[in-house]
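Here is what each chain is made of, one letter per residue.
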Amino acid sequence: MQLRVLGSSAGGGFPQWNCNCPQCDGVRQGRVRATPRTQSSVAVSADGRDWLLINASPDILTQIRATAQLQPARALRDSGIAAVLLMDAQIDHTAGLLMLRERRSPLPLLATREVLAELEDSLPLTRVLSHYCGVAPHVLPLDGSRFSVPGLPGVVVQALALSSSPPPYSPHRSAPRPGDNIGVLLHNPATGARIFYAPGLGALTPELLELLASCSAVLVDGTFWSADEMQRLGLGTRSAADMGHLPQSGPGGMLEHLARLPASVRKVLIHINNTNPILIEDGAERAALAACGVEVAHDGMTIEF
Ligand code: MLT
Ligand code: MN
Ligand code: ZN
């Protein structure tokens, strides 16, 4: 099986269109050693032809242009994207759904009951899409059971409710429910290998860490290096925790947790905000990650499992 990172950045991308922070300006002007990144999405396939898109980012058209496997190849109208799975109802994970409206048949859409309801009511993308291709919703169970993705033989997923935050527009923003945010275990039924993907992860419990230890690779929340990154740069008033993201540095941070995982687990940070210093390829924070055996996802990164 194959996982391909389509977009490794958090909402806004890198550089962000309206941001003049030292990193966004630096990458635009070529003053820093860093690589631009599109917004948060990965794709998984068992056969290399039909793919499960995980998150539909606002950059989806750019991502399809950069990925031959997702382009039409078999019929007059065609796509390598067979179905879409959503981790949450955030704009950076859902706005791309509108770009898929030219499909000839309803788009299979896998998400929790909570996320499907947000997209029907608060940010009514599925209601809008019903006037175009429409969606075929599939409710992801949160009881630990495995789910075979319809139309994608060999792609088996398992959704896990995570502690994070629903989107700013959600009526549930200040009272998160299980199902507002999930992580997903991607199973290779042929080998038993699995990958854990969670671009938004507010806290790591001992149970979750135990699960991560059994994976061949984990791709986890790399949004912020420090808890007050946005505030210190004068770019926001909310902390990483307020936004449902566990920062990498400091006591109880992501790096401390990842260090407890066995060496056999490939550790990758993904959903990286444009302010995060780990984007600087010759910087001290990147060197600190390398010393712990932690990688930084980039667009086009491919992981076989
Ligand atoms: C988040 O995960 O917090 C988002 O990237 C925010 C956004 O899309 O604006
Ligand atoms: Mn996001
Ligand atoms: Zn910036």
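Note that the coordinates shown come from a computational prediction; the quantities given were computed from them, not determined experimentally.

Caption draft 1: Highlighting the coordination of the manganese ion (ligand 2). At this site the manganese ion (ligand 2) is bound by Asp92 (OD) and His271 (NE2), with donor distances of 2.0 to 2.2 Å. One end of the pair, aspartate 92, is in helix α3 (residues 91-94); the other, histidine 271, is in the loop between β12 (266-270) and α9 (284-291), and 179 residues separate them in sequence. Accessibility classification places aspartate 92 together with histidine 271 in one group, the buried group.

Caption draft 2: Spatial organisation of the coordination of the zinc ion (ligand 3). On the protein side, the zinc ion (ligand 3) has Cys19 (SG), Cys21 (SG), Cys24 (SG) and Asn274 (OD1) as donor atoms, found 2.3 to 2.4 Å from it. Seen from the zinc ion (ligand 3), its four donor atoms lie at angles of 98 to 118 degrees, and the figure they make is tetrahedral. In this structure cysteine 21 comes out as buried when scored by relative accessible area, which is 6%. Residue classification places asparagine 274 among the buried positions, given a relative accessible area of 3%.

Caption draft 3: View of the sheet that holds β12. The sheet built from seven strands is open, its strands ordered β7-β8-β9-β10-β11-β12-β13 with mixed pairing. The open sheet has two edge strands with one neighbour each: β7 (147-148) and β13 (294-296). The pairing of strand β8 (residues 156-161) with strand β9 (residues 182-187) spans six bridges and is classified as antiparallel. Residue pairing in the sheet places valine 156 in a bridge with histidine 187 of β9. Seen against the sheet, helix α6 (residues 206-213) touches β8, β9, β10 (194-198) and β11 (217-221) and runs at an angle of roughly 135 degrees to β10.

Caption draft 4: Structural view of the site of ligand 1. Inspection of the region around ligand 1 gives Gly11, Gln90, Asp92, His245 and His271 as its neighbouring residues. In this structure, aspartate 92 approaches ligand 1 through a side-chain N or O atom, which is 2.9 Å from an oxygen atom. The contact in question runs from an oxygen atom of ligand 1 to an N or O atom on the side chain of histidine 271, over 3.2 Å. Within the complex, 71% of the 270 Å² of free accessible area of ligand 1 lies under protein.

Caption draft 5: Representation of the side chain of glutamine 158 in the model. Tracing the backbone shows glutamine 158 in strand β8. The exposure class assigned to glutamine 158 is buried, which follows from its relative accessible area of 10%. Reaching out from glutamine 158, the side chain makes a polar contact with the backbone oxygen of glycine 144 at a distance of 3.1 Å. If we ignore the near neighbours within four places in the chain, the residues touching glutamine 158 are Gly144, Ser145, Arg146, Gly183, Val184, Leu185 and His187.

About the criteria used
Residues numbered from 1 in each chain as written. Chains lettered and ligands numbered in written order. Predicted model: local features only at pLDDT ≥ 70, side-chain atom pairs only at ≥ 80, totals over all residues. Heavy atoms only, no water. Donors = N, O, S within 2.8 Å, 3.2 Å for Na, K, Ca; no water. Helix = DSSP H or I, 4+ residues; strand = E, 2+ residues; numbered from the N terminus. Buried < 20%, exposed > 50% of the residue type's maximum accessible area, 1.4 Å probe, protein only. Tetrahedral: all angles 85-135°; square planar, octahedral: opposite > 155°, others 65-115°. Pairing = 2+ DSSP bridges. Contact = heavy atoms within 4.5 Å. Axes fitted to C-alpha atoms, helices over the stretch in contact; angles between N-to-C directions. Near = heavy atom within 4 Å. Polar contact = N/O pair within 3.5 Å; in protein donor to acceptor, adjacent residues only side chain to side chain. Areas by Shrake-Rupley, 256 points an atom, 1.4 Å probe, with all protein chains shown as cover.

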